[in-house]
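These are the residues of each chain, in order.
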Amino acid sequence: MSENAPRELTLETRASIAAIPKSDWQRLAGVSNPFLRYEFFQALEESGCTRTETGWTPSHLVFKHEGRIVGLAPAYLKTHSMGEYVFDWSWAEAYQRYGLPYYPKLLIAIPFTPSAGPRLLLDAEVRRQLTPERLHDLLDTLTHHLGAHSWHLLFPNAEDQKLLTHDDELHRIGCQFHWHNHNYHSFDDYLAALNSRKRKSIRKERRQVAEQGITFARFHGKDISDQVLAAFYVFYQATYLKRGQRPYLNKQFFTLLREQLPEHTHVIMAIKQGEMIAGALFLSGQNALYGRYWGCLDEYNHLHFETCYYQGIELALALGLTHFDAGAQGEHKLVRGFEPVITHSWHGIQHPGFRDAIADFTREETEQVQGYFAEAETLLPFKQQTPQ
């Protein structure tokens, strides 16, 4: 590829994952990250979860050079901001107050998934030669061509961040809490790293769950029966219905997930008197476990913490994984040994006046999040602030 190759790149979209050769997607995305698997996007589209009627019109990015696909990215034209976990509702409301359209917007992200990872799936040579300025120019031009008013790239990993960082950026950060395996071989090893007060608190919580007569069962891949899947979906729906919302995902999606990505899919069920009373679904990658969906019908003391966090830690240990990302929610994880992690997003706002106002907002927000992150680090319950 010549030195002028970045200028010769073209950026297009595809209206379906099926319009992209699976071999190209796998060549660029690999098969270790469940949220980048071709089958994951296929399940979202085949189940109807990501379609125009739900506000998620597939518009996957295709980078081409001399007719060859040299890069891809999962992307959607959005007509709302639900299911993103980087909140821009106030931006949309400001546009509305001035009589300007905020939607549609181009979203480069994994639907319903606030987990950091690769977003720009590029050939190594393209990644080496592409500059942040050229990438932003390509995204701005495509956004205009699509009739969108902004582009948003959410939760990129460190490699993608290098391609997004430049002087004229709109960059946001957030804070999540993740569990890391600091050479633990068992749950007791993890507890031993905590201070005495927190160790006793967690043991008390787990004991109180057991005293309610609740036990747990793990199901993996195609061993997840239709009965287990049906019960899990009832619990998953309940989480949304309690808040007066419709669930983002339907039962067909979870069925396709079990069938097409069995090596990544795990369900933990809470059982009382022979009946399933709560459940959580996890996806595993090469090194990480992702806790994504949970639900129950009735309230039980400490059941959420046990099912989603302690059982998740035990599952990560059993699978030999070093990292557990349990989702976007916050401080209740901190006191249980989940460490603060900074997340990132980049935003291409096309309206110059609003762009300047949002730039001021992101600078103030960054200072607040950095302060929150620094304080959170001092509140970790380990015997030492940095576990060994």
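Worth saying up front: this structure is predicted, and the values here are computed from it rather than measured.

Cut-offs used in this document
- Residues numbered from 1 in each chain as written.
- Predicted model: local features only at pLDDT ≥ 70, side-chain atom pairs only at ≥ 80, totals over all residues.
- Heavy atoms only, no water.
- Helix = DSSP H or I, 4+ residues; strand = E, 2+ residues; numbered from the N terminus.
- Rg over C-alpha atoms; globule rule 2.2 N^0.38 Å.
- Buried < 20%, exposed > 50% of the residue type's maximum accessible area, 1.4 Å probe, protein only.
- Contact = heavy atoms within 4.5 Å.
- Areas by Shrake-Rupley, 256 points an atom, 1.4 Å probe, with all protein chains shown as cover.
- Lys, Arg positive; Asp, Glu negative; His and termini not counted.
- Charge placed at Lys NZ, Arg CZ, Asp CG, Glu CD.
- Pairing = 2+ DSSP bridges.
- Axes fitted to C-alpha atoms, helices over the stretch in contact; angles between N-to-C directions.
- Parallel < 35°, antiparallel > 145°, perpendicular 65-115°, else oblique.
- Left-handed = near helix turned anticlockwise from the far one by under 90°.
- Nonpolar A, V, L, I, M, F, W, Y, C, P; charged D, E, K, R; others polar.
- Right-handed = clockwise from strand over helix to strand, strands pointing away.
- Patch = residues over 30% accessible without salt bridge, like charges linked within 9 Å, V, L, I, M, F, W, Y side chains within 5 Å.
- Salt bridge = Lys/Arg side-chain N within 4 Å of Asp/Glu carboxyl O.
- Domains from an automatic or database assignment.
- Polar contact = N/O pair within 3.5 Å; in protein donor to acceptor, adjacent residues only side chain to side chain.

Asker: What is the right way to look at the overall build of the protein chain in this model?
Answerer: A tally of helices and strands in the protein chain yields 14 helices and 15 strands. Relative to its length of 388 residues, the protein chain is compact, with a C-alpha radius of gyration of 22 Å against a globular reference of 21 Å. Each principal axis of the C-alpha atoms in the protein chain carries an extent, and together these give about 65 × 45 × 45 Å. Counting every position in the protein chain, which comprises 388 residues, the buried fraction comes to 56%. The long-range fraction of contacts in the protein chain, counting pairs at least 24 apart against all pairs at least 6 apart in sequence, stands at 77%. Carbon and sulfur atoms provide 49% of the accessible area of the protein chain, an area that totals close to 17100 Å². Each charge class in the protein chain was averaged separately, 39 positive and 45 negative side chains, and the resulting centres sit 6 Å apart.

Asker: I keep staring at the sheet that holds strand β7 (residues 121-122) and nothing clicks. Help me out?
Answerer: Strand pairs in the sheet, formed through backbone hydrogen bonds, run parallel or antiparallel to each other. Read from one edge of the open sheet, four strands run β1-β3-β4-β7, paired in antiparallel fashion. Because the sheet does not close on itself, it has two edges, and the strands there are β1 (10-14) and β7. Alignment of strand β3 (residues 60-65) against strand β4 (residues 68-73), held across five bridges, turns out to be antiparallel. If you follow lysine 64 over to β4, its bridge partner there is isoleucine 69. Contacting β4 and β7, helix α2 (residues 22-29) runs over the sheet at an angle of about 65° to β4. Helix-sheet contacts for helix α6 (residues 132-146) involve β1 and β3, and the interaxial angle to β1 is about 45°.

Asker: Whenever I open this one, the sheet that holds strand β13 (residues 288-296) confuses me. Can you help?
Answerer: Taken together, eleven strands build an open sheet; the order of strands is β2-β5-β6-β8-β15-β9-β14-β13-β12-β11-β10 and the sheet is mixed. Either end of the sheet is taken by a strand with one partner, and the two such strands are β2 (56-58) and β10 (214-220). Looking at each pair of strands side by side, their axes are set apart by 30° on average, direction ignored. Relative to strand β12 (residues 275-284), strand β11 (residues 265-272) is paired through eight bridges, and the arrangement is antiparallel. From the neighbouring strand, lysine 272 faces β12, where its bridge partner is glutamate 275.

Asker: Sorry if this is basic, but what is going on with the packing of helix α3 (residues 38-46) against helix α11 (residues 251-260) here?
Answerer: Working note: a packed helix pair is described by the angle between its axes plus the distance between those axes. Close contact between α3 and α11 brings their axes to 9 Å; oriented N to C, the two are set at 150°. The angle between the axes of α3 and α11 places the two elements in the roughly antiparallel class. Two packed elements cross with a definite hand, and for α3 against α11 that hand is right-handed. Contact residues: α3 offers Glu39, Phe40, Gln42, Ala43, Leu44 and Glu46, while α11 offers Gln252, Phe253, Leu256, Leu257 and Gln260. Of the residues that constitute the contact of α3 with α11, the class distribution is six nonpolar, three polar and two charged.

Asker: What's the story with α11 in this structure? I'm lost.
Answerer: Side chains three or four residues apart in an α-helix point the same way, a direct result of the helix having 3.6 residues per turn. Buried within α11 we find Phe253, Phe254, Leu256, Leu257 and Arg258. Those residues of α11 that are buried lie in contact with α3, α10 (226-241), β11, β12 and β13.

Asker: Help me out: how do you make sense of the pairing of β13 in this one?
Answerer: Two faces belong to every sheet, and in a regular strand the side chains alternate between them. Across the nine residues of β13, nine count as buried, placing the element largely inside the fold. As judged from the seven bridges shared by β12 and β13, these two strands associate in the antiparallel manner. Bridged to serine 284 within β13 is leucine 289. Connecting β12 to the antiparallel partner β13 that follows it, the hairpin turn spans three residues. Following the chain from β13 across helix α12 (residues 303-319) to the adjacent parallel strand β14 (residues 323-325), one finds a crossover that is right-handed.

Asker: Any chance you could explain a nonpolar patch on the surface here in plain terms?
Answerer: Together, Met82, Phe87 and Trp89 line one region of the surface with nonpolar side chains, adding up to about 320 Å² of accessible area. Among the structural elements, phenylalanine 87 can be located in the loop between β5 (75-78) and α4 (89-97). Take phenylalanine 87: its relative accessible area is 53%, and that puts it in the exposed class.

Asker: Any chance you could explain the pattern of salt bridges here in plain terms?
Answerer: Close approach of charged atoms allows side chains with opposite charge to pair. In total, this model carries 26 salt bridges according to the counting rule given. For arginine 134, the salt bridge identified is with aspartate 137, shortest N-O distance 3.0 Å. Of this pair, arginine 134 and aspartate 137 both sit in helix α6, separated by three residues, roughly a single helical turn.

Asker: Is there a simple way to explain the domain arrangement of the protein chain in this structure?
Answerer: By convention, interface size is frequently given as the accessible area that disappears when the constituent parts associate. Domain annotation for the protein chain reports domain 1 (9-175 + 341-377) and domain 2 (182-321). Summarising the inter-unit geometry, the C-alpha centres of domain 1 and domain 2 are found 29 Å apart. Every contact between the two is made by 21 residues of domain 1 and, on the other side, 19 residues of domain 2. On inspection of domain 1 and its partner domain 2, the count reaches one salt bridge. Among the salt bridges present, the one from arginine 37 reaches glutamate 263, with a minimum N-O distance of 3.0 Å. For the pair domain 1 and domain 2, the number of links is five residue pairs in polar contact (both at pLDDT 80 or more). Broken down by class, the residue content of the side of domain 1 that touches domain 2 amounts to eleven nonpolar, seven polar and three charged.

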